[in-house]
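# A look at the structure
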Amino acid sequence: MSILDKLKEDHDKVREILKKATVLIEQYPKVDVKGERNLMKELLSELEPHSKAEEKVFYTALRKKAKNILSPYEGLQEHKLALQVLKGLQKDQLDKSQRSANMKVLKEMLMHHIEEEESTYFKEAEQCFTSKELQVLGEEFLENKQKIVNSKK
Ligand SMILES: [Fe+2]
Ligand SMILES: [Fe+2]
């Protein structure tokens, strides 16, 4: 399977979680706190291995081969910020209005990020890699992601 299909699969999972997060955001301040924590935990366990493996395999390959001057710097920065906000949401230090604000910012940032990857980055990848290369990258991505998941256990 092409790396682009694998990335898209992960993005769809994240989109599903964000849809649920939107419902929770609307319930603030009468939100089901436990449900929200669990959802943010689920999001972290999806997002962290995805973005790390994506950086290591996909961004690195793109940077080496991209013909246009595509710099994944914006993408890297968005990963960093999203994980930072998300990790903050795993702790108990925020009050309700801070939590709902952080969830909103996180949701918007991730939606924008995923859309940009699937348009700009994917288009660039389709232009500079053969379908065989995209498949090899897909396997590398899966392997890398699995390693990260296992190291968290
Ligand atoms: Fe990403
Ligand atoms: Fe991604």
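Scoring rules and cut-offs
- Residues numbered from 1 in each chain as written.
- Chains lettered and ligands numbered in written order.
- Predicted model: local features only at pLDDT ≥ 70, side-chain atom pairs only at ≥ 80, totals over all residues.
- Heavy atoms only, no water.
- Donors = N, O, S within 2.8 Å, 3.2 Å for Na, K, Ca; no water.
- Tetrahedral: all angles 85-135°; square planar, octahedral: opposite > 155°, others 65-115°.
- Helix = DSSP H or I, 4+ residues; strand = E, 2+ residues; numbered from the N terminus.
- Buried < 20%, exposed > 50% of the residue type's maximum accessible area, 1.4 Å probe, protein only.
- Phe/Tyr/Trp six-rings, centres within 6.5 Å; stacked < 30°, edge-to-face > 60°.
- Axes fitted to C-alpha atoms, helices over the stretch in contact; angles between N-to-C directions.
- Parallel < 35°, antiparallel > 145°, perpendicular 65-115°, else oblique.
- Left-handed = near helix turned anticlockwise from the far one by under 90°.
- Contact = heavy atoms within 4.5 Å.
- Nonpolar A, V, L, I, M, F, W, Y, C, P; charged D, E, K, R; others polar.

Next up on the list: the coordination of the iron ion (ligand 1). Protein coordination at the iron ion (ligand 1): the donors are E54 (OE), H79 (NE2), H113 (NE2) and E117 (OE), at 2.0 to 2.2 Å from the metal. One way to put it: the four donor atoms around the iron ion (ligand 1) meet at angles of 82 to 163 degrees, and that makes the site irregular. Positions of the donor residues of the iron ion (ligand 1) along the chain correspond to the pattern E-x24-H-x33-H-x3-E. In this structure, the iron ion (ligand 1) lies 3.0 Å from the iron ion (ligand 2), and both are coordinated by E54. Taken together, the residues span a long stretch of sequence, with E54 in helix α2 (residues 33-65) and H79 in helix α3 (residues 73-88) at a distance of 25 residues. Look at E54 and you get buried, because its relative accessible area is 0%.

The subject of this paragraph is the coordination of the iron ion (ligand 2). Around a metal, the idealised angle for a tetrahedral arrangement of four donor atoms is 109.5 degrees; for an octahedral arrangement of six donor atoms it is 90 or 180 degrees. On the protein side, the iron ion (ligand 2) has H11 (NE2), H50 (NE2), E54 (OE) and E117 (OE) as donor atoms, found 2.1 to 2.2 Å from it. Around the iron ion (ligand 2) sit four donor atoms, and with donor-metal-donor angles ranging over 88 to 177 degrees the site reads as irregular. Donor residues for the iron ion (ligand 2), ordered by position in the chain, follow H-x38-H-x3-E-x62-E. Overall, E117 belongs to the buried group, its relative accessible area being 1%.

Moving on, we come to the packing of aromatic side chains. Inspection of every chain in the model, using the stated rule, returns three aromatic pairs. Between the aromatic rings of F58 and Y59, the centroid separation amounts to 6.3 Å while the plane-to-plane angle is 45 degrees, which identifies the pairing as tilted. Neither F58 nor Y59 differs from the other in exposure class; each is buried. On the basis of an interplanar angle of 40 degrees and a centroid distance of 5.4 Å, the ring pair of Y59 and Y121 is categorised as tilted. With a gap of 62 residues between them, Y59 in helix α2 and Y121 in helix α4 (residues 96-128) connect regions that are remote in the sequence. The residues Y59 and Y121 share a single accessibility class, namely buried. These aromatic residues form a ring-pair network of at least three members: F58, Y59, Y121 and F122.

Put simply, α3 and α4 touch, their axes get as near as 10 Å, and they point 155 degrees apart. For the element pair α3 / α4, the angle class is roughly antiparallel. Every pair of crossing elements has a handedness; the one defined by α3 and α4 is left-handed. In this structure, α3 contributes E74, G75, E78, H79, L81, A82, V85 and L86 to the contact, and α4 contributes N102, L106, M109, L110, H112, H113, E116, E117 and Y121. For the contact of α3 with α4, the residue count by class is eight nonpolar, five polar and four charged.

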